[in-house]
Amino acid sequence: MKSTNLLTTHTGEAFSYADMETESARIAGLLAGLGLGPGDRVTVQVAKSPAAVWLYLACRRGGYVFH
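Residues numbered from 1 in each chain as written. Predicted model: local features only at pLDDT ≥ 70, side-chain atom pairs only at ≥ 80, totals over all residues. Heavy atoms only, no water.

Below, the discussion takes up the packing of helix α1 (residues 17–33) against helix α2 (residues 50–62). Interhelical geometry of α1 versus α2 gives an angle of 60° and a closest axis separation of 8 Å. Taken as axis vectors, α1 and α2 run oblique relative to one another. For the pair α1 and α2, the sense of crossing is right-handed. Side by side, α1 and α2 meet where M20, E21, E23, S24, A25, I27, A28 and L31 of the first sit next to W54, L55, L57, A58, C59 and R61 of the second. Its residues placed into classes, the contact of α1 with α2 shows ten nonpolar, one polar and three charged. (Axes fitted to C-alpha atoms, helices over the stretch in contact; angles between N-to-C directions. Helix = DSSP H or I, 4+ residues; strand = E, 2+ residues; numbered from the N terminus. Parallel < 35°, antiparallel > 145°, perpendicular 65-115°, else oblique. Left-handed = near helix turned anticlockwise from the far one by under 90°. Contact = heavy atoms within 4.5 Å. Nonpolar A, V, L, I, M, F, W, Y, C, P; charged D, E, K, R; others polar.)

By themselves these figures say nothing about function.
See below:
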């Protein structure tokens, strides 16, 4: 049977494609609410984590430059 998980952390926490859609959309909305527009840069220094992936994907959704 094929897994529907997008990713699983080293601690065993699993995230689905639906989790990715929900969280990246939520973060993209937050960034837009802060006044960011397409082409704006989002500079971050974060540890590797599912939240960092959601932030990257949120930037893609909003047309922001993830830096």
